[in-house]
Amino acid sequence: MDTTRSGEHVSAQIGKMGVIDNLQNADFSLADGMCFNIKNDGIQPVTLSVQLAGMKDGDFIETQFDCGWNPEIVRKVKATSLSSINLKYGY
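Calculation criteria
- Residues numbered from 1 in each chain as written.
- Predicted model: local features only at pLDDT ≥ 70, side-chain atom pairs only at ≥ 80, totals over all residues.
- Heavy atoms only, no water.
- Core = buried A, V, L, I, M, F, W, Y, C linked by side-chain atoms within 4.5 Å.
- Buried < 20%, exposed > 50% of the residue type's maximum accessible area, 1.4 Å probe, protein only.
- Helix = DSSP H or I, 4+ residues; strand = E, 2+ residues; numbered from the N terminus.
- Contact = heavy atoms within 4.5 Å.
- Phe/Tyr/Trp six-rings, centres within 6.5 Å; stacked < 30°, edge-to-face > 60°.
- Lys NZ or Arg CZ within 6 Å of the ring centre and 35° of its normal.

## Looking at the nonpolar core
One finds Ile20, Phe28, Phe36, Ile38 and Val77 to be the most contacted residues of the largest nonpolar core, which totals 14 residues. Listed by contribution, the elements that provide at least two residues to this core are strand S5 (46–52), strand S8 (74–77) and strand S9 (87–90). Of all the elements, S5 adds the most residues to this core, at 3 residues. Once residues lying within four places of it in the same chain are set aside, the contact partners of Ile38 are Ile20, Val50, Phe65, Gly68, Trp69, Asn70, Val74, Val77, Leu87 and Lys88.

So, in structure tokens, the structure goes:
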């Protein structure tokens, strides 16, 4: 497995995948704190506030996630009022 310049583990292959849900009510993160990539399974890009792997707790950046897999290594997705989004996580 390779690492990024900031020391985060990264792989071009996704071995585990699940649904990012309940974003209208709460932030999303994996229970064990593991970082993940985001797949936008929708039909148009979506802009989300996320905490990247190397960011301090509480810091977020707003970025656009295109359809398909995106390269950002994410630790947390901030709750959003957007509806009808279809997102998956993978690592």
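## As for the packing of aromatic side chains
In total, this model carries 4 aromatic pairs according to the counting rule given. For the pair Phe28 and Phe36, a centre-to-centre distance of 5.7 Å together with 80 degrees between the ring planes defines the contact as edge-to-face. On the basis of relative accessibility, which here comes to 10%, the residue Phe28 falls in the buried class. An aromatic cluster of three or more residues is present, and its members are Phe28, Phe36, Tyr89 and Tyr91. Over the aromatic face of Phe60 sits the side chain of Lys78, whose NZ or CZ is 4.6 Å from the ring centroid.

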